[in-house]
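This is what each chain is made of:
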Amino acid sequence: MNTTGPAPKGLRLIPFRGLRYVPERVGSLAAVTSPPYDVVVRPDGLHHLESADPHNIVRLILPQAATAADRHRQAASTLRRWLTEGVLAPDPEPALYVYEQRHGDLLQRGVIGALALSAPAEGVVLPHEDVMPDIVEDRAALMRATATNLEPLLLTYRGGEDGSPDGTAGTTGASGTTAVIERTALREPLLSTTTEDGFSHRLWSVTDPAELAEIEDDLADRQALIADGHHRWATYLRLREEHPASAAGPWAYGLVLLVDTARHPLQVRAIHRLLHGLPVAEALAALEAVPGSFRVRTLEGTLPEAVRALSDAAGAGAGTAAGAGANNAFLLAGDGRFHLIDRPDEALLARTVRADRPAEWRALDATVLHSTLLDHIWKIPDAPEHISYIHDTRAAVEQAERHGGTAVLLHPVREEVVRELARQAVTMPRKSTSFGPKPATGLVLRSLADG
């Protein structure tokens, strides 16, 4: 493959020598993997992963120390020790990696590689969410210290609609990247493991020059959407700027998993908010102090029943342009009960939501939550000491109840809305969506020192 020529107008994915765990040096591959760093529910999930195996990847992506600088130095020291001890080792030759996740009827396959970085204005890789500068700085400092891409981003693109996504029909009708992936999945994998969430994971390497060229040609005119990993993508771009002399070097690329959602549609879930200093009683009182701001109802029943009520209130048209605010709904929890708030006042929305954005953006639940509820009614700054972002619904509720805060549960937005806003270069409020299944962290890493 040509890795030194001018950047194409589309995606440019190149092989790299993957750093992988040596199976004989760890308890099991499942025990050393982790969800992405921002999905780990701290401290419970962190302690669970640390105790699963002394070499769990969480010790690199979420190192624990008194200061940020100490954490980053610790991660770098741990990585060097594992490489010296042979816990991690580079593959013998550069490769792209076919990655499969399977759980029951759900099957997702994609290709992992080093993707040429591009600014949003170039229209090759489209972000759809804002980022928090402090998180970008932390991830950048960690990446500087370790000189390693520790976990792949999840990017989606729209390939051909042909072929069979269940892997049972061979490569009939498939072409390009899809054909390579399906052929590769018939071979013996480099690794195979099942994690405790029930997902099975398999990984293969692709080193044949003809197959690498087939993928390169197929992706050369495609556009990708960042499904998961906005902060890490922003980190890649920042570190590329810090290495201007290396325009074609390792810092000009970043580790990604590319999934064709025409073949393997992703699931889209919401990311919930945990408001640390706001008890539920105070949240409800603030709503009552603005008469008619939202309809508020206290629900009886279990968490699954309350989530169904939230879904019903959000309605099938949630996140569309049909009447900004008409379907906005949120579920508050933390006092042992569930409180459904919906039907925001149109005049209130007109005063609090920016008017210079598309109607689809103004109608997003995350927009109304941040602009109307957090900024205007509850007056809570969007800072880590005030708000945590939690993917798991039950974990958000449990933490709110344990610490006396308020969990704000959201209904997911549709993928079509996300993609359309991204095409318009309109970013959604940070942590608006959670696409999945996400790649397991720890199956393959990319060293920036390897060139």
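Quick look at the structure, then. (Residues numbered from 1 in each chain as written. Predicted model: local features only at pLDDT ≥ 70, side-chain atom pairs only at ≥ 80, totals over all residues. Heavy atoms only, no water.)

## Some remarks on the sheet that holds strand β3 (residues 88–90)
The strand order across the open sheet formed by four strands is β3-β2-β21-β7, and the pairing between neighbours is antiparallel. For this open sheet the edge positions go to β3 and β7 (148–149), each flanked by a neighbour on one side alone. Bridge count for β7 against strand β21 (residues 445–447) is two bridges, and the pairing is antiparallel. Residue pairing across strands places N149 opposite R446, the latter belonging to β21. Across the sheet, helix α4 (residues 68–85) touches β2 (18–21), β3 and β7, and the angle it forms with β3 is around 75°. (Pairing = 2+ DSSP bridges. Helix = DSSP H or I, 4+ residues; strand = E, 2+ residues; numbered from the N terminus. Contact = heavy atoms within 4.5 Å. Axes fitted to C-alpha atoms, helices over the stretch in contact; angles between N-to-C directions.)

## Description of the pattern of salt bridges
For the structure on display, the rule yields 25 salt bridges. Of the charged contacts in the structure, one is a salt bridge between R102 and E100, with a shortest N-O distance of 3.9 Å. On the basis of relative accessibility, which here comes to 2%, the residue E100 falls in the buried class. Its salt-bridge partner being D228, residue R232 comes within 3.1 Å of it at the nearest N-O pair. Of the two residues, R232 and D228, neither departs from the other in class, the shared state being buried. Residues joined in a network through salt bridges with shared partners are E100, R102, R109, E182, R202 and R263. (Salt bridge = Lys/Arg side-chain N within 4 Å of Asp/Glu carboxyl O. Buried < 20%, exposed > 50% of the residue type's maximum accessible area, 1.4 Å probe, protein only.)

## A look at α4
Turn by turn, an α-helix covers 3.6 residues, leaving residues three or four places apart pointing in a common direction. When the terminal C-alpha atoms of α4 are compared, their 26 Å separation across 18 residues agrees well with the 26 Å that a helix rising 1.5 Å per residue should span. Taken together, the buried positions of α4 are occupied by H72, A75, A76, T78, L79 and W82. Down the axis of α4, the sector holding all buried residues measures 160°, keeping them to one side. Away from its buried face by more than 90 degrees, α4 exposes R73, R80 and T84. Looking at the buried side of α4, the elements it contacts are β2, α3 (58–61), β3, α5 (133–146) and β7. Phi for G86, located one or two positions after α4, is positive at around 80°. (Expected span 1.5 Å × (residues − 1). Arc of directions from axis to C-beta.)

## Details of helix α13 (residues 365–377)
In this model, α13 (13 residues) spans only 15 Å end to end at C-alpha, well below the 18 Å of a helix rising 1.5 Å per residue. Taken from the residues just after α13, K379 is the one with a positive phi, measuring 55°.

## Topic: the layout of surface pockets
The calculated volume of the largest pocket comes to roughly 1200 Å³. The set of elements that each furnish at least two residues to the lining of the largest pocket consists of α1 (29–32), α2 (44–52), β13 (267–269), α10 (303–314), α14 (393–403) and β20 (434–436). When residues of the lining of the largest pocket are assigned to their parent elements, the largest contribution, five residues, is made by α2. Of the residues in the lining of the largest pocket, the class split is 20 nonpolar, 16 polar and seven charged. (1 Å grid on protein atoms, 1.4 Å probe; cavity = no way out; pocket = protein on both sides within 12 Å on 5 of 7 lines; lining within 4 Å. Points joined across faces, edges and corners; volume = space filled by probe spheres on them. Nonpolar A, V, L, I, M, F, W, Y, C, P; charged D, E, K, R; others polar.)

## Describing the packing of aromatic side chains
Counted under the stated rule, the structure contains four aromatic pairs. Ring centres 6.2 Å apart and planes at 50° place the aromatic pair Y21 and W82 in the tilted group. With Y21 in strand β2 and W82 in helix α4, the pair connects residues that are 61 residues apart, well separated along the chain. Assigned by exposure class, Y21 and W82 land together as buried. A centroid spacing of 6.5 Å and a plane angle of 70° characterise the contact between F294 and F330, whose relative ring orientation is edge-to-face. On the criterion of sequence distance, the pair formed by F294 in the loop between α9 (280–288) and β15 (295–299) and F330 in strand β16 (residues 329–333) is long-range, its members being 36 residues apart. The pair formed by F294 and F330 is uniform in burial state, with each residue classed as buried. We note R139 situated over the ring of Y37; from NZ or CZ to the ring centre the distance is 4.0 Å. Positioned above the aromatic ring of W361 is the side chain of R357, whose terminal nitrogen or guanidinium carbon lies 4.8 Å from the ring centre. (Phe/Tyr/Trp six-rings, centres within 6.5 Å; stacked < 30°, edge-to-face > 60°. Lys NZ or Arg CZ within 6 Å of the ring centre and 35° of its normal.)

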